[in-house]
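Reading the structure
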Amino acid sequence: MVSKSKLKIAILLYKPIKMPPSGYEFLNLIMAHAFQKLEHEVKIFAIGKENNEIKIEKNLEEKIIKGTTYPEEGLTFSRLKDFFTLYVFGYRSSIKTLNNNENVIKELEKYAPDIIVVSSIQIGELAQKIKRQLKKTKVIVYTDSYELIKASFNSITYAKLPRILKTAIIALLKEKYVKYMFRLYKNLIKVGDIIVTPTEKDKMKISRRFKIKSDKIFVIPPILIKGLPKKVRKINKIKTITFIGVANYGPNIEAVNAIKEKIAPKLKDIKFLIVGKGWEKEKKENIEVLGEVKDLKAVFDKTDAFIAPIKSGAGMKTKIATYLDAGKPIIGTTVAFEGYNIKDKVNGI
């Protein structure tokens, strides 16, 4: 029997979900699962290279709508064009095109959702257009604080680009990038009928900066921890420590550099594993980079402890939830543990 209060919910993404999930995918899947658990109808809408409709999971569909994709890494023509238009005109051409996708609006009009959830500043303007067209539809904005902008730009520091080009990009574009992305962030905040943040710290920063009443902002951690595994191996000695995180994100690159340059060299009797999309496989001394691993169970089985030397970024780090799920000791920074009830030497170090 269908509940009278059942809602149609659309989750709007700037790029398709890729499995197995990383931080971005993980967040949106957790939101979808939460709404489904409340017996609401959920569908994901994403912008991709070709029109497609796929089943991500048994009860979850993703509608991919053809459009310009957002260049996030490498030295592609689209990314160079972005750098040029940002320097000359103060905006990124790919984002402008991304938000002019009329087919996304048409598809959402057909679906007629009661609620749209948007969590990416790249498509804030598109969310505004949709809201103007679908006047009865409410918008939930899910976001970390604006500190994520600096963390995002810092990824360029570690990009695989010629050093002279990176130096030029940082010198010429950092100020323009931060100013432009902050404007997009502000527009995203404005479009939300309500705003949801992962931590109290994020809520406080948004509320103070944009003069938003606190009753319009809700703190809902996007984390589902299932509880300890049924069988937890007793660990008498730490032999293997694992880090999990995607390679195209500044804070993760900083963390891996810290492991390679500062931590692992001082702990030569311990093996360090680096896991995540985008890392190039390599094996050197007591460090092994595995790259993307589809089945993490095999990695978890040989892991004695996890590590998260994260120094920057905002919001809750989904890797900590993954670590907690595995039921192994966790060594991390206060930034990594933000939003979690971690007590030193009780459920983390």
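The following paragraphs examine the structure supplied in this document. (Residues numbered from 1 in each chain as written. Predicted model: local features only at pLDDT ≥ 70, side-chain atom pairs only at ≥ 80, totals over all residues. Heavy atoms only, no water.)

**Notes on the overall build of the protein chain**
Where we set the bar: Strands here are runs of E lasting at least two residues and helices are runs of H or I lasting at least four, both read from the DSSP assignment and numbered beginning at the N terminus. Our radius of gyration is a C-alpha quantity, and the globule rule it is checked against amounts to 2.2 Å times the number of residues to the power 0.38. Buried means the residue's accessible area, taken with a 1.4 Å probe over protein chains only, is under 20% of the maximum for its type, while exposed means over 50%, and partly exposed covers the values in between. In what follows, residue pairs with any heavy atoms lying within 4.5 Å of each other are defined as contacts. Surface accessibility follows the Shrake-Rupley procedure with a 1.4 Å probe radius. Residue values consider only the protein chains on display as shielding.
Helices and strands together make up the secondary structure of the protein chain, namely 11 helices and 14 strands. On C-alpha atoms alone, the protein chain measures out to a radius of gyration of 21 Å, which is about the 20 Å that the 2.2 N^0.38 rule sets for 349 residues. Dimensions of the protein chain, computed from the C-alpha atoms along their principal axes, are close to 60 × 60 × 40 Å. Out of the 349 residues in the protein chain, the part that is buried amounts to 50%. Looking at the protein chain alone, contacts between residues at least 24 apart form 63% of all its contacts between residues at least 6 apart. For the protein chain, the exposed area adds up to about 18,900 Å²; of that, 55% sits on carbon and sulfur atoms.

**Some details on the nonpolar core**
Nonpolar side chains tend toward joint burial in soluble globular proteins. The condition is simple: The definition of a nonpolar core used throughout is a set of buried Ala, Val, Leu, Ile, Met, Phe, Trp, Tyr and Cys residues joined through side-chain atoms within 4.5 Å.
Ranked by internal contacts, the top residues of the largest apolar core, which has 64 residues, are Leu12, Ile130, Met181 and Tyr185. Look past the residues within four positions of Leu12 in its chain and what remains in contact with it is Phe45, Val104, Leu108, Ile116, Val117, Val118, Ser119, Ile123, Leu126 and Ile130. Of all hydrophobic cores here, the second largest spans 36 residues; its members include Ile270, Phe272, Phe300 and Ile320.

**Description of the sheet that holds strand 12 (residues 287-291)**
Either a parallel or an antiparallel arrangement is found when strands of a sheet pair, and the pairing is made through backbone hydrogen bonds. The line we're drawing: At least two bridges found by DSSP between two strands are what make those strands a pair. To obtain each axis, a line is fitted to C-alpha atoms, and for helices this fit is confined to the stretch in contact; angles are then taken between N-to-C directions over 0 to 180 degrees.
Here we have six strands laid out as an open sheet, ordered 11-12-10-9-13-14, and mixed in their pairing. Either end of the sheet is taken by a strand with one partner, and the two such strands are strand 11 (282-284) and strand 14 (330-332). In this sheet, adjacent strand axes meet at a mean angle of 20° when their direction is disregarded. Here two bridges tie strand 9 (residues 240-244) to strand 13 (residues 305-308), and the two strands are oriented parallel to one another. Bridging from a neighbouring strand, Ile241 pairs with Ala305 of strand 13.

**Observations regarding the packing of aromatic side chains**
What counts is decided by this rule: Stacked, edge-to-face and tilted are the three classes for Phe, Tyr and Trp ring pairs, Trp counted by its six-membered ring, which pair at centre distances within 6.5 Å; planes under 30 degrees apart are stacked, over 60 edge-to-face, the rest tilted.
With the rule as written, the count across this model stands at 10 aromatic pairs. Between the aromatic rings of Tyr14 and Tyr70, the centroid separation amounts to 5.6 Å while the plane-to-plane angle is 85°, which identifies the pairing as edge-to-face. Of this pair, Tyr14 sits in the loop between strand 1 (8-13) and helix 1 (23-37) while Tyr70 is found in the loop between strand 4 (60-66) and helix 2 (77-89), placing the two residues 56 residues apart along the sequence. With relative accessibility at 6%, the residue Tyr14 sits in the buried group. Summarising the aromatic geometry, the rings of Tyr146 and Phe210 are spaced 6.3 Å apart at their centres and angled 85° between planes, so their arrangement reads as edge-to-face. Taken as a pair, Tyr146 in the loop between strand 6 (138-142) and helix 6 (148-154) and Phe210 in helix 8 (residues 200-210) lie far apart in primary sequence, 64 residues in all.

**Things to note about a positive patch on the surface**
Stated formally: Only residues whose relative accessible area exceeds 30% and that form no salt bridge enter a patch; like-charged residues are grouped when within 9 Å of one another, and nonpolar side chains (Val, Leu, Ile, Met, Phe, Trp, Tyr) when within 5 Å. Within this document, salt bridges are pairs made up of a side-chain nitrogen of Lys or Arg and a carboxyl oxygen of Asp or Glu, the two lying within 4 Å of each other. Charge assignment in this entry is limited to Lys and Arg as positive and Asp and Glu as negative, and neither His nor the chain termini are counted. Where a charge lies is defined by one atom per residue type: Lys uses NZ, Arg uses CZ, Asp uses CG and Glu uses CD.
A contiguous patch of positive charge, built from Lys150, Lys174, Lys186, Lys190, Arg209 and Lys211, is present on the exposed surface. Take the positive patch: its biggest share by element is three residues, from helix 7 (residues 163-191). For Lys211, a relative accessible area of 73% gives the class exposed.

**Overview of the pattern of salt bridges**
A side chain of one charge can pair with a side chain of the opposite charge when the charged atoms of the two come close. Here the structure, examined in full by the defined rule, presents 11 salt bridges. A salt bridge links Glu338 to Lys201, with the nearest nitrogen and oxygen atoms 3.4 Å apart. Here the residue Glu338 occupies a position in the segment after strand 14, and Lys201 occupies one in helix 8, the gap between them amounting to 137 residues. Note on Lys201: relative accessible area 38%, which makes it partly exposed.

**A closer look at the packing of helix 4 (residues 102-111) against helix 5 (residues 124-133)**
Here is the rule we go by: Should an angle lie under 35 degrees it is considered roughly parallel, over 145 roughly antiparallel, and from 65 to 115 roughly perpendicular; all remaining angles are considered oblique. By definition, turning the near helix anticlockwise from the far helix through less than a right angle yields a left-handed crossing, and turning it clockwise yields a right-handed one. Residue polarity is assigned by list, with Asp, Glu, Lys and Arg as charged and Ala, Val, Leu, Ile, Met, Phe, Trp, Tyr, Cys and Pro as nonpolar; anything else, Gly included, falls into the polar class.
For the pair helix 4 and helix 5, interaxial distance at closest approach is 10 Å and the crossing angle is 40°. As judged from the angle between their axes, helix 4 and helix 5 are oblique. When the axes of helix 4 and helix 5 are compared, the crossing they make is right-handed. Of the residues in helix 5, those touching helix 4 at Val104, Ile105, Leu108 and Glu109 are Leu126, Lys129, Ile130 and Gln133. Classifying every residue of the contact of helix 4 with helix 5 by side-chain character gives five nonpolar, one polar and two charged.

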